[in-house]
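# Overview (structure and organization)
So the chains spell out like this:
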Amino acid sequence: RLLGTDYRAVREARSKTVTRMHQFNSDRKRSSVVAAEERGPVLYAKGAAEIVLRMCTSQVEASGAVVDMSHEARDQHEKHITEMASRGLRTLAIASREFSPSENSATFDDAEACEAKLTLLALVGIKDPVRQEVPSAVKTCQNAGINVRMVTGDNIYTAQHIARECGILTDGTAMEGPAFRKMSDEDRKAALPKLQVLARSTPSDKYLLVSALKEMGEVVAVTGDGTNDAPALKVSDVGLSMGITGTEVAKEASDIVILDDNFNSIVASVSWGRCVFSNIRKFLQFQLTINGVALVVATLSAVTQRGMPLNVMQLLWVNLIMDSLAALALATERPNVELLQEKPHGRDASLISRNMWKHIMVQATFQVAVLMAVLWVAPELDRYSLPKSPDRDDFNCLGLRGGDFLAADETRPMCCVGANINATAYTLPEVPGVQEEVTFGECCYDCGDDCDAERERLLPGSDGEAEVEDFPLPWMGKVEHPTRVCSLLVPELNDALEIVDDVEGVCCCD
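This structure is a prediction, so every number in the text was calculated from the model and none was measured.

Quick notes on the rules
Residues numbered from 1 in each chain as written. Predicted model: local features only at pLDDT ≥ 70, side-chain atom pairs only at ≥ 80, totals over all residues. Heavy atoms only, no water. Buried < 20%, exposed > 50% of the residue type's maximum accessible area, 1.4 Å probe, protein only. Helix = DSSP H or I, 4+ residues; strand = E, 2+ residues; numbered from the N terminus. Pairing = 2+ DSSP bridges. Axes fitted to C-alpha atoms, helices over the stretch in contact; angles between N-to-C directions. Expected span 1.5 Å × (residues − 1). Bend = angle between axes of the 7 residues up to and from the residue. Salt bridge = Lys/Arg side-chain N within 4 Å of Asp/Glu carboxyl O. Phe/Tyr/Trp six-rings, centres within 6.5 Å; stacked < 30°, edge-to-face > 60°. Lys NZ or Arg CZ within 6 Å of the ring centre and 35° of its normal. Right-handed = clockwise from strand over helix to strand, strands pointing away.

### So, the pairing of strand β3 (residues 40–48)
Burial runs high along β3: seven of the nine residues are buried. In the sheet, strand β2 (residues 30–37) pairs with β3 via eight bridges, with the strands oriented antiparallel. Among the inter-strand pairings, Val-33 is bridged to a residue of β3, identified as Tyr-44. In sequence, β2 turns back onto β3 through a hairpin of two residues. Here seven bridges tie β3 to strand β6 (residues 89–98), and the two strands are oriented antiparallel to one another. Bridge pairing links Lys-46 to Ile-94 in β6.

### Observations concerning the sheet that holds strand β13 (residues 256–258)
One open sheet accounts for three strands, arranged β11-β12-β13; its pairing is parallel. Looking along the sheet, the strands with just one partner apiece sit at the ends: β11 (221–224) and β13. Across the sheet, the axes of successive neighbouring strands diverge by a mean angle of 25 degrees, strand direction being ignored. As judged from the four bridges shared by β11 and strand β12 (residues 238–242), these two strands associate in the parallel manner. In the strand pairing of β12, Ala-221 is matched with Val-238.

### A word on helix α13 (residues 312–331)
Its 20 residues place the ends of α13 27 Å apart at the C-alpha level, agreeing with the 28 Å of an ideal helix rising 1.5 Å per residue. Of all the bends in α13, the greatest, near 35 degrees, is centred on Asp-323.

### Comments concerning the sheet that holds strand β9 (residues 173–176)
Reading across from one edge, β8-β10-β9 is the order of the three strands in this open sheet, with parallel pairing throughout. Two strands close off the open sheet at either side, each with one partner strand: β8 (150–151) and β9. Where β9 and strand β10 (residues 195–199) come together, four bridges link them in parallel fashion. In the strand pairing of β10, Ala-174 is matched with Val-197.

### Focus: the pattern of salt bridges
For the coordinates displayed, the defined rule picks out 18 salt bridges. Across the pair Arg-28 and Glu-112 runs a salt bridge, and its minimum N-O distance is 3.9 Å. Taken together, the residues Arg-28 in the loop between β1 (18–22) and β2 and Glu-112 in helix α4 (residues 111–114) connect sequence positions 84 residues apart. Judged by its relative accessible area of 14%, Arg-28 is buried. Looking at Glu-112, the relative accessible area reads 47%, which means it is partly exposed. For Lys-214, the salt bridge identified is with Asp-237, shortest N-O distance 3.9 Å. Of this pair, Lys-214 sits in helix α9 (residues 203–215) while Asp-237 is found in the loop between α10 (230–235) and β12, placing the two residues 23 residues apart along the sequence. One salt-bridge network, held together by shared partners, links Arg-28, Arg-30, Glu-112 and Glu-115.

### As for the packing of aromatic side chains
Enumeration over the complete set of coordinates arrives at one aromatic pair. Centroid distance Phe-99 to Phe-108: 5.0 Å. Interplanar angle 80 degrees. Geometry classified as edge-to-face. Assigned by exposure class, Phe-99 and Phe-108 land together as buried. Over the aromatic face of Phe-180 sits the side chain of Arg-188, whose NZ or CZ is 5.3 Å from the ring centroid.

### Examining the pairing of β12
Of all five residues in β12, four are buried, a share of seventy percent or more. What joins β11 to β12 is α10, and the crossover it makes is right-handed. Once you follow β12 into helix α11 (residues 248–253) and on to β13, the crossover reads as right-handed.

Don't take any of this as a statement about function, it's just geometry.
Below is the structure:
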């Protein structure tokens, strides 16, 4: 367009003259077409500069004349290719060959035969800038313990320049595919630890590289987009194909499809993979700790006859509600930056690491110690005695008599009559339209002589044996004393809010 010509119109017009087409592939590293020109069939070829240059025997000068290519001219062209490649330019050579009008059309079916004795038309250097996010993404991978290698079909000088821009080529080595193929298995494995760039490679070179790394015990992830990359994608531990430029064969052979063809997406996949692994470990550590503690505490309590710490419903609540929600929270954590600062886990790494076992044992020991202290030590403290088997008996109180109600803030001492009564305060519940909720008395702590004295004080002349009247309103009791439980059963009422059944109480004492 800068030259004043729309290339699309030229391409459409020239495509009608094409009679043969030889596609580009990673082995040939070139493509060509045969066009029907007025002067006869003409083959046009383009591809890797140094490869097409080796197939040329002549060249076009600035004047348009075609002359034989001398050794000096060939060396000069190779020098230009190296200079452009060293600046990170991808070099292409464009060449042609004219055939006589009487040339047999079967000749054009053999690409190798018709692509010989070419005439060099031009050498082109194309700048393919590195994406801004790639160097930082490569650095992130390296910090995460991932060794990034470049496998490319580009010129070795171009590959080295781009690898340095990306931060891939640091203190390692670069090698070309043909040299890599010729190496023995032992020499290849010896060179792999320092190999960072493999240039002018073919899909078979990538397959050799992946296979050798796996034989050395490495976990290998491979990217690819072509049909010929399928073997390497298949043999790798993790195959990543390109969603935009990748072929369907490559996508089928891969494990992950990178939809945007962006290296950052590969880093994101690594982060998510590590996040899932970390969440599984957190879930296992949590479950093993709490279930181990529950098992030990239940066993020791049963063996020592201390009673069941948790009943069936409480155990069900802990396992279905508390455990499930906590485990769900651990299992759904999102990736964070710290995950990419950890070293990768080996192929044979245990799901429960030694450090996890240490945390499980320390936490479980602490929890068991605390819970057993509650079951063993607390009952020995008189003030904090735990309840034992409750006794049920009639529960009546002195201090209020029929029709005698307390003011909102008034309290009176009263004595509880019943078996094993130890209580503190009781509350008369609110009955709409009849009586507001008020605190109406306190029970004496000792149910022995003090209770009789209290009854005598409230009802002089009774000698502690006065008859006690029932309360005219429904009421329930609540005891607030350290570790002592005393509860009252709400009596059954009729429509007139009259007590049908006697008030009964359950008191838990030593």
